[in-house]
Amino acid sequence: MTELVPMSAAPAPMQMGGGSSLRTAPPLSRRAKAAIVVRLLLNEGADIPLEDLPEELQAHLTTAMGNMRVVDRDTLHDVVGEFAEEVERIGLSFPGGIAGALSALDGKISRQTAERLRKEAGVRETGDPWARIREMGPELLLPILEEESIEIAAVMLSKLDVSKAAELLGKMPGPRARQITYAVSMTGAVTPDAVERIGLSLATQMDARPLRAFDDGPVARVGAILNSSTTTTRDDMLAGLDEKDEGFANAVRKAIFTFANIPSRIAPRDIPRILRDVEQEALVTAIAGAPAMGMEASSEFILSNMSARLADQLREEVAEAGTPKSGDVDDAMSSIVATIRSMEASGELMLVTEEED
C-alpha cells in the first residue's frame, strides 16, 4: 500500500513504539504520524469525522499530508503499531470543554440547565447552524422572516425545505412575501462564507431567546384544558374570555376540538376508522344524548358515514337506551373526542383545518 513520507527530512536512525529494529528513516513528528494513520484509514474506506476537529487541527493535518510523499512498509508498520499501543492505553476519554460536555450530555440533562450552562460559558451549540434552523417550527421562524432584512430573509428561505418555505410564505403578508421571493432571485452571488455567517447569527439569536417555562403556548394550553372540561364549564369559560379578550377567546375556540366539531373537522372517510377504537356503549350514549345537547348534526354525521347496516343497528340501540343523563353524555362524548385526539397525535388521523374546509 502506498503511503506518505516527508521528502525534506534527513535520513536518521529511528526506533518506534518499543521495537528494537534500527534502520535509516526520516524522523517523523506526531503530526506526520497522524497523517499516516489518517491516510491509511481513508484508504481502507473508514468514515472519519475530521470536520469535528478544531479548524486549526484540520489545517495542521492537511499541511502534514501535503508535505509527504511515500512511506515504506516498515515505517508504516511501526507507526500503526505505536498508534494501536496508544489507543489500547486509553481507558476513558472526556469531551473537551463545556461545549463538548453539553453535547455528550444532550438529552440527559434538562434543556433549561443546558441553556444556562451554555450562556454562562459563552459557547454556542455545535454543528451546522442551518441544520438546527431547519428543525425549528414555523412559529419560531416566522418572526425572523418578518423582522430581519429582506436579504437575510431571502437567504434563510433558500436554506429551508421547500414545503416549510412555502408554508412560511403563506403566513406572511402579501407585500412582504413578494419582496422576499424576489430577493431569492438575487442570492446567486452570495458566498458560502456569508451564508455560514448568516446561519451562525440567526442561531445565536435563537440561543439568546429567554427560556420558556411551557412547551406549548397559552392558546394551546387553555384549549387542552377546556377540551377535557364539561360542556357547561367550557361554554362558561369561553363566555368569560369573550368579555376579557375576544381575540384570545376566538383563538382558543380554534384550538378546541369537541364532539360538536366532528362534522367540520373530521373527513367522512375517517369515521369508520375512528369508530373501531370507540367503545360501543360510549357511542350509543353520545348519539342518544346529542339532540338534547344541541349536537344532533354530529350524531347524524357519524350515522351517515358508516355502513347502512351498522347505522340501522346503532339507531335501534339508541332507541332502546332512551335519554341518558347529561353527565353520562358528557363522559361519552369526551371519550370519543379523546380517541380522535389520540389518533391525531399518533399520526393515524389528520384533522381538517378551517382553511381546508
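Predicted, not measured: the structure shown is a model, and the values here were computed from it.

### Quick notes on the overall build of the chain
Thinking step 1. When its secondary structure is counted, the chain shows 20 helices and 2 strands.
Thinking step 2. Out of the 357 residues in the chain, the part that is buried amounts to 33%.
Thinking step 3. Taking all contacts inside the chain whose residues are at least 6 apart in sequence as the whole, residues at least 24 apart take part in 71%.
Thinking step 4. When the accessible area of the chain is evaluated, it comes to approximately 21900 Å², of which 54% is carbon and sulfur surface.

### Observations regarding the nonpolar core
Thinking step 1. Ranked by internal contacts, the top residues of the largest apolar core, which has 32 residues, are Phe-259, Ile-262, Ile-266, Ile-302 and Ile-340.
Thinking step 2. When residues in this core are grouped by element, the largest group, 7 residues, is from helix H20 (residues 326-345).
Thinking step 3. Met-156, Ala-165, Val-195 and Ile-198 belong to the second largest nonpolar core, which has 24 residues in total.

### Regarding helix H3 (residues 73-89)
Three or four residues apart is the spacing at which side chains of an α-helix point the same way, because the helix has 3.6 residues per turn.
Thinking step 1. Taking 1.5 Å of rise per residue, 17 residues should cover 24 Å, and H3 covers 24 Å from first to last C-alpha, within 8% of that figure.
Thinking step 2. Of all the positions in H3, only Thr-75, Leu-76, Asp-78, Val-79 and Glu-82 are classed as buried. Buried residues in H3, looked at end-on, bunch into an arc of 165°, giving them a common side. For H3, exposure combined with an orientation more than 90 degrees from the buried face picks out Arg-73, His-77 and Glu-88.
Thinking step 3. Among the residues of H3, the N-terminal cap falls to Asp-72, whose side-chain oxygen and the backbone nitrogen of Asp-74 are separated by 3.1 Å.

### Remarks on the pattern of salt bridges
One side chain can pair with another of opposite charge once the charged atoms of both are near each other.
Thinking step 1. For the coordinates displayed, the defined rule picks out 8 salt bridges.
Thinking step 2. When the shortest N-O distance is used, the salt bridge between Glu-85 and Arg-89 registers 3.1 Å. Of the two residues, Glu-85 and Arg-89 are both situated in helix H3; the distance of 4 residues between them amounts to about one turn of the helix.
Thinking step 3. On the basis of relative accessible area, Arg-89 is assigned to the exposed category, the value being 58%.
Thinking step 4. Notably, a salt bridge pairs Asp-270 with Arg-273, separated by 2.8 Å at the nearest N-O pair.
Thinking step 5. Judged by its relative accessible area of 28%, Arg-273 falls in the partly exposed class.
Thinking step 6. Residues participating in the shared-partner salt-bridge network are Glu-300, Asp-312 and Arg-315.

### A closer look at a negative patch on the surface
Thinking step 1. Residues Glu-279, Glu-281, Asp-328 and Asp-331 make up a contiguous surface patch of negative charge.
Thinking step 2. Tracing the sequence through the fold places Asp-328 in helix H20.

### Some words on the packing of helix H7 (residues 138-147) against helix H8 (residues 150-159)
Packed helix pairs are characterised by how far apart their axes lie and by the angle those axes make with each other.
Thinking step 1. Packing of H7 against H8 leaves a shortest axis separation of 8 Å and a crossing angle of 145°. For the pair formed by H7 and H8, the contact residues are Leu-141, Ile-144 and Leu-145 on the first element and Ala-153, Met-156 and Leu-157 on the second.
Thinking step 2. Of the residues contributing to the contact of H7 with H8, the split by class is 6 nonpolar, no polar and no charged.

### Digging into the environment of Ala-165
Thinking step 1. Counting through the fold element by element, Ala-165 comes out in helix H9 (residues 162-171).
Thinking step 2. The exposure class assigned to Ala-165 is buried, which follows from its relative accessible area of 9%.
Thinking step 3. Put simply, Ala-165 and Arg-134 are 31 residues apart on the chain and 9.9 Å apart in space, counted from C-alpha to C-alpha.
Thinking step 4. Beyond its immediate sequence surroundings of up to four residues, Ala-165 is in contact with Leu-157 and Leu-160.

### With respect to the packing of helix H17 (residues 280-289) against helix H19 (residues 308-321)
Thinking step 1. At a closest axis distance of 9 Å, the pairing of H17 and H19 adopts a crossing angle of 70°. In this view, H17 runs roughly perpendicular relative to H19, as classed from their interaxial angle. Contact with H17, carried on its side by Gln-280, Leu-283, Val-284, Ile-287 and Ala-288, involves Leu-314, Glu-317, Val-318 and Ala-321 of H19 and no other residues of that element.
Thinking step 2. For the contact of H17 with H19, the per-class residue count stands at 7 nonpolar, 1 polar and 1 charged.

### Quick look at the environment of Met-333
Thinking step 1. Along the polypeptide, Met-333 turns up in helix H20.
Thinking step 2. If near-sequence neighbours (up to four positions away) are discounted, Met-333 is found in contact with Phe-259, Ala-286, Gly-289, Ala-290, Met-293 and Met-295.

### Some points on the side chain of Ser-299
Thinking step 1. With respect to the helices, strands and loops of the structure, Ser-299 is situated in helix H18 (residues 296-304).
Thinking step 2. If we skip the residues at most four places from it in the chain, Ser-299 touches Phe-259, Ile-287 and Ala-290.

### Digging into H18
Thinking step 1. Buried within H18 are the following residues: Ser-298, Ser-299, Phe-301, Ile-302 and Leu-303.
Thinking step 2. As for H18, its buried residues are in contact with helix H15 (262-265), helix H16 (271-276), H17 and H19.

### Topic: the confidence of the model for the chain
Thinking step 1. Residues at a pLDDT of 70 or more form 82% of the chain, whose mean pLDDT is 80.
Thinking step 2. Low confidence marks residues 1-23, where pLDDT is under 50. Its contacts with residues over four positions away, or in another chain, come to 63 contacts.

### Looking at the environment of Glu-167
Thinking step 1. Mapped onto the secondary structure, Glu-167 falls in helix H9.
Thinking step 2. Spatially, the C-alpha atoms of Glu-167 and Leu-142 are 9.7 Å apart, while their sequence positions differ by 25 residues.

Procedures and definitions
- Residues numbered from 1 in each chain as written.
- Predicted model: local features only at pLDDT ≥ 70, side-chain atom pairs only at ≥ 80, totals over all residues.
- Heavy atoms only, no water.
- Helix = DSSP H or I, 4+ residues; strand = E, 2+ residues; numbered from the N terminus.
- Buried < 20%, exposed > 50% of the residue type's maximum accessible area, 1.4 Å probe, protein only.
- Contact = heavy atoms within 4.5 Å.
- Areas by Shrake-Rupley, 256 points an atom, 1.4 Å probe, with all protein chains shown as cover.
- Core = buried A, V, L, I, M, F, W, Y, C linked by side-chain atoms within 4.5 Å.
- Expected span 1.5 Å × (residues − 1).
- Arc of directions from axis to C-beta.
- Polar contact = N/O pair within 3.5 Å; in protein donor to acceptor, adjacent residues only side chain to side chain.
- Salt bridge = Lys/Arg side-chain N within 4 Å of Asp/Glu carboxyl O.
- Patch = residues over 30% accessible without salt bridge, like charges linked within 9 Å, V, L, I, M, F, W, Y side chains within 5 Å.
- Lys, Arg positive; Asp, Glu negative; His and termini not counted.
- Charge placed at Lys NZ, Arg CZ, Asp CG, Glu CD.
- Axes fitted to C-alpha atoms, helices over the stretch in contact; angles between N-to-C directions.
- Nonpolar A, V, L, I, M, F, W, Y, C, P; charged D, E, K, R; others polar.
- Parallel < 35°, antiparallel > 145°, perpendicular 65-115°, else oblique.
- pLDDT = per-residue confidence, 0-100.

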